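# A look at the structure
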Amino acid sequence: MIWIRSLLFTSVLFLSVPFYATGAVLGAPLGSAFVYRFAEGWSRFNLRALKLLCGLDYELEGEENIPGSNCIVYWKHQSVFEIMASTQILPRQTWVAKRELLWLPFFGWGFAMLEPISINRGAGRSAVKQVITQGRDRLARGFWLIIFPEGTRVAPGTTRRYGASGAALAAETGCPILPVAHNAGDFWPRRGWLKHPGTVRIVIGPPIEPGGRSPAELNQLAQAWIEGRMAEISPAYGTVAKNEVKSAEMR
């Protein structure tokens, strides 16, 4: 039954993209705030379909840690789930994402209307500079900036070096980093189409204030917190996360 339910949801997910993306493109002349409603609507619709068809829901912990003003959000990236969930949990936002996403039919066209910071991940320092320059603009305009610090989706039980751009932006602007951990990958694998029933735990941590810290120090603190929480909410992360926390504390 899981594969039938997963197939039904995947069909709904893909069929919903042209509808909402077309609305976003046509609504562009009315401004990005209007367009953002389509992103929220698409996410809300699919999260409800996911719960109805696959029995997969989520619960939020640490909501009291969400600051009153916009900030840089470090969100663990494991699947499409967190892209949808973030729009339901945090105010109006945009993302730092690989530029290839903009090339996708319908999804990329709609995504471009949300003013993401699209980067070439192989560009090195120029990509970091781009995030700092455009990130300043987005933050000044009130956007919450979502960054997947590992740069790509990672499977449960694995972690990667956190990229420098988000921490560099925080150090430059004095804007705090809000760390978010979750275990969506245990239910929605990054390269699999089966969605298993259950409840995703999304945990929001206390904001990490730049406070004169270097980008490297900010990343160490953020990674230690995120990977440490992963050890608590996802069995697959136990060993990896504990080693990462220990390593970060020793630096």
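Residues numbered from 1 in each chain as written. Predicted model: local features only at pLDDT ≥ 70, side-chain atom pairs only at ≥ 80, totals over all residues. Heavy atoms only, no water.

### A word on the sheet that holds strand β7 (residues 198–204)
Spatial ordering of the open sheet is given by β1-β7-β6-β2-β5-β3-β4, a layout of 7 strands whose pairing is mixed. Edge positions in the sheet fall to β1 (56–61) and β4 (117–119), since each has one partner strand and no second. Each adjacent strand pair in this sheet contributes to an overall mean axis angle of 20 degrees, direction not counted. Sheet topology places strand β6 (residues 177–182) next to β7; 3 bridges connect them, and they run antiparallel. Note on β7: the bridge partner recorded for His182 is Ile202. Running over the sheet, helix α6 (residues 165–173) touches β2 (72–75), β5 (144–147) and β6 and is turned about 155 degrees from β2. (Pairing = 2+ DSSP bridges. Helix = DSSP H or I, 4+ residues; strand = E, 2+ residues; numbered from the N terminus. Axes fitted to C-alpha atoms, helices over the stretch in contact; angles between N-to-C directions. Contact = heavy atoms within 4.5 Å.)

### Section: the pairing of strand β3 (residues 93–98)
Counted residue by residue, β3 has 5 buried out of 6 residues, so it is predominantly covered. Where β3 meets β5, 3 bridges bridge the pair, whose relative direction is parallel. Note that in β5 the partner of Thr94 across the bridge is Leu145. Taken together, the 3 bridges between β3 and β4 define a ladder with parallel strand orientation. Bridging from a neighbouring strand, Lys98 pairs with Ile119 of β4. (Buried < 20%, exposed > 50% of the residue type's maximum accessible area, 1.4 Å probe, protein only.)

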